[in-house]
Amino acid sequence: MAWVKRNQCWPRAHDGCVSNSTAIAHFGSWTAFKECLRHEYIDRFGVPAWDEKRPRLGTYRDQVLRETSEMFEGAVKRVKSLKPYAPAKLSKANQQELSEVHVLLSDVHVGEYNDPNLTSGLTSYDFDTFLQAADTLEERLLFFKKLYGRAWRIDKLVVNFLGDLVTNENLFLGQALQVDRIITDQVFEAAHRFGCMLRNWASRFREIEVYAMPGNHGRIGKKGELHWRSNLDYMAYRVMSALVKEVKNIRWVIAEGPFIIVQHGDFNFLIHHGDSIGGGGVTRGNLVNLERKVHHFSQMADVPIHYSLTGHFHRSASIALAGGGRIIANGSFPGGSSFSVEKIGDCQVPAQKLLLFHPTMGVHSETDLILGERLTLSPDSNRMLTPNYRENEC
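Attention here is on the structure that accompanies the text. Here the residue index of a chain counts from 1 through its sequence in written order. Per-residue local features are limited, in this predicted model, to residues with pLDDT of at least 70; the limit for side-chain atom pairs, both in listing and counting, is 80 or more; totals at the level of whole chains, interfaces and linings are taken over all residues. Side-chain figures throughout are based on the complete set of non-hydrogen atoms in the structure, without hydrogens or water.

Section: helix α8 (residues 183–202)
Stage number 1. In this model, α8 (20 residues) spans 28 Å end to end at C-alpha, consistent with the 28 Å of a helix rising 1.5 Å per residue.
Stage number 2. Only protein chains enter the accessibility calculation, which uses a 1.4 Å probe; a residue whose area is less than 20% of its type maximum is buried, one above 50% is exposed, and one in between is partly exposed. Starting at the N terminus, helices and strands are each numbered in turn, a helix being any DSSP run of H or I of at least four residues and a strand any DSSP run of E of at least two. Those residues of α8 not exposed but buried are Q186, V187, A190, A191, R193, F194, G195, M197, L198, W201 and A202.
Stage number 3. The contact criterion used throughout is that any non-hydrogen atoms of two residues lie within 4.5 Å. On its buried side, α8 packs onto β1 (98–105), α7 (127–148), β2 (153–161), β3 (207–212), α9 (232–243) and β4 (250–254). Any helix carries an expected span of 1.5 Å times its number of residues minus one.

Now the structure itself:
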């Protein structure tokens, strides 16, 4: 006790107060001896002042909780003293802000016949299916115009034909067995149906711009054998434009080369079919090649490409470009074919892209206009899910 009073600290091992062996012999351990000494000293003389300066666990925890509580209370008071933030309200002028609807039309393949037996029941397509899909497209575009019109004033429609309007008849060996309309009917039927569609849309929009790009399926003869404009898509566009010639609010631009670049507002749009990349669907390799091709177009024309619109791949997709901009790939009317199912392993829901575009903000909404449903497989009485089989006739 005298040592503790004189030194104003609790003893430690080997400091000369009590030997380690003595503490262990009488108390079992040095820690037990020290704790016993501390309790006895406090009982006799009270807690020494020099001991109170050492924060114990309970005291430190209470201090942390108190300071934390004070900090949060101060933060709440400061927040309450701030003036409330008034959200921006759309003025009448902003509600009249102009936007445009851009629709992508490609890979329609009018005249193509997909036998469900050759696609294992995954897809089916013929001329009647095309007409149903065209009716759905016409109605759903007007539905979204009305929907978007609640927030924006939409007076302009931009129609981007991206190629493969027709399917052809002799593009590859055996194609004549996969069509239900000959070439002449394909051209005129496609021109007539989409011409009627444009007339209907022209009555709902103040202005329509049509940009038409031929595709590889419209090619006549082998690749490179004839002029680039010797193309059934090109013919269908010319016929279609003649059918709506008297409709004054429709303006036509028909491409006479493999790509065109048009400016909408502050943004440049590259329009091409996409067959220069190759087939095989939207694969990693094709995406890399497509991005490289877009950058090449931009360098050749010495203008930035903000949006690249393409068809050909039969799959709806939107991919960001390095350095800004987007590649927007369109879907198709058939959704799939015997080639895509067997060779590529791809079958999509029939769809076409719809974009909401602002002249200074760019494309701020992308929608897939679903034109049909993928066929679902279910077992029959023979427990077969695929319909392409014949039972034993013996």
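Section: the packing of aromatic side chains
Stage number 1. Within 6.5 Å between ring centres, the rings of Phe, Tyr and Trp (the latter by its six-membered ring) count as paired, and their orientation is classed by plane angle as stacked under 30 degrees, edge-to-face over 60, tilted in between. Taken as a whole and assessed by the stated rule, the structure comprises 14 aromatic pairs.
Stage number 2. Look at F161 and W252: their rings are 6.5 Å apart centre to centre, the planes differ by 5°, and that puts the pair in the stacked class. Here F161 is found in strand β2, whereas its partner W252 is found in strand β4, with 91 residues between them in sequence.
Stage number 3. One aromatic cluster is present, formed by F127, F130, F161, F194, Y237, W252 and F333 through successive ring pairs.
Stage number 4. A cation over an aromatic ring shows up here: K145 above the ring of F205, its NZ or CZ 5.2 Å from the ring centre. In this scheme, the term charge over a ring applies when either NZ of a lysine or CZ of an arginine sits within 6 Å of the ring centre and within 35 degrees of the ring normal.

A word on the sheet that holds strand β5 (residues 259–264)
Stage number 1. The mixed open sheet is built from five strands, whose spatial order is β5-β6-β7-β9-β8. For this open sheet the edge positions go to β5 and β8 (317–320), each flanked by a neighbour on one side alone. Neighbouring strand axes in the sheet, compared pairwise and without regard to direction, differ in orientation by 20° on average.
Stage number 2. One bridge is not enough; two strands pair if DSSP finds at least two bridges between them. Inspection of the sheet shows strand β7 (residues 307–310) paired to strand β9 (residues 326–329) by four bridges, in the parallel sense. The residue of β9 that forms the bridge with L309 is I328. What counts as an axis is a line fitted to C-alpha atoms, over the stretch in contact for a helix, and the angles between N-to-C directions run from 0 to 180 degrees.

With respect to the side chain of N268
Stage number 1. By secondary structure assignment, the location of N268 is in strand β6 (residues 267–272).
Stage number 2. Those residues in contact with N268 that lie beyond four places of it in its chain are I261, V262, Q263, V303, P304, I305, H306 and Y307.

Description of the sheet that holds β3
Stage number 1. Strand order in the open sheet made by the six strands is β4-β3-β2-β1-β10-β11, with mixed pairing throughout. Edge strands, defined here as strands with exactly one partner in the open sheet, are β4 and β11 (362–370). Direction aside, neighbouring strands of the sheet carry axes that sit 20° apart on average.
Stage number 2. Sheet topology places strand β10 (residues 351–358) next to β11; eight bridges connect them, and they run antiparallel. Within the sheet, the bridge partner assigned to K353 lies in β11 and is D368.
Stage number 3. Relative to the sheet, α7 contacts β1, β2, β10 and β11, its axis offset from that of β11 by approximately 140°.

Some thoughts on the pattern of salt bridges
Stage number 1. The term salt bridge refers to a pairing of a side-chain nitrogen on Lys or Arg with a carboxyl oxygen on Asp or Glu at a separation within 4 Å. Counted according to the given criterion, the structure contains 13 salt bridges.
Stage number 2. Two residues, K156 and E209, come together in a salt bridge whose shortest N-O distance is 3.0 Å. Taken as a pair, K156 in strand β2 and E209 in strand β3 lie far apart in primary sequence, 53 residues in all.
Stage number 3. Given the relative accessible area of 14%, K156 is considered buried.
Stage number 4. Of the residues examined, E209 reaches a relative accessible area of 7% and is grouped as buried.
Stage number 5. The partner of K353 in a salt bridge is D368, with the nearest N and O atoms 3.5 Å apart. Note that K353 is positioned in strand β10 and D368 in strand β11, a separation of 15 residues in sequence.
Stage number 6. Each of E100, K156, E209 and R251 takes part in salt bridges that share partners, so that together they form one network.

Overview of a nonpolar patch on the surface
Stage number 1. Patches here are clusters of residues that have more than 30% relative accessible area and form no salt bridge, with a 9 Å joining cutoff for like charges and a 5 Å cutoff for nonpolar side chains (Val, Leu, Ile, Met, Phe, Trp, Tyr). Values of accessible area rely on a 1.4 Å probe in the Shrake-Rupley scheme; residue burial ignores everything except the protein chains shown. A contiguous nonpolar patch, built from I220, L226 and M235 and spanning about 240 Å² of accessible area, is present on the exposed surface.
Stage number 2. Looking at where L226 falls in the secondary structure, it is placed in the loop between β3 and α9.

Here we look at the environment of L162
Stage number 1. Along the polypeptide, L162 turns up in the loop between β2 and α8.
Stage number 2. Along the sequence, L162 and H102 sit 60 residues apart, while their C-alpha atoms lie 12 Å from each other.
Stage number 3. For L162, the residues in contact, after removing those within four places along its chain, are L104, L105, S106, M213, Y237, I271, H272, H273, L309, T310, G311 and N330.

Remarks on the pairing of β1
Stage number 1. Burial within β1 is extensive, with seven of its eight residues counted as buried.
Stage number 2. Inspection of the sheet shows β1 paired to β2 by eight bridges, in the parallel sense. Note that in β2 the partner of E100 across the bridge is K156.
Stage number 3. A crossover connection joins β1 to the parallel β2 through α7; in handedness this β-α-β unit is right-handed.
Stage number 4. Summarising the sheet, β1 and β10 pair through four bridges and their orientation is antiparallel. Residue H102 lies in a different strand from β10, and its bridge partner there is L355. A crossover gets the label right-handed when its path from the first strand over the helix to the second runs clockwise, viewed with the strands pointing away from the viewer.

As for the nonpolar core
Stage number 1. With 48 residues, the main nonpolar core has V159, F161, F194, W201 and W252 as its most contacted residues.
Stage number 2. Of all the secondary-structure elements, those providing two or more residues to this core are β1, α7, β2, α8, β3, α9, β4 and β10.
Stage number 3. Considering every element that reaches this core, the biggest residue donor is α7, with nine residues.
Stage number 4. When residues no more than four places from it in sequence are discounted, the contact partners of F161 are L105, F194, V210, Y211, A212, M213, Y237, M240 and W252.
Stage number 5. The next biggest cluster of nonpolar side chains, apart from the first, holds 17 residues, and it includes F269, Y307, L355 and F357. The nonpolar core is taken to be a set of buried Ala, Val, Leu, Ile, Met, Phe, Trp, Tyr and Cys residues, with the residues joined through side-chain atoms within 4.5 Å.

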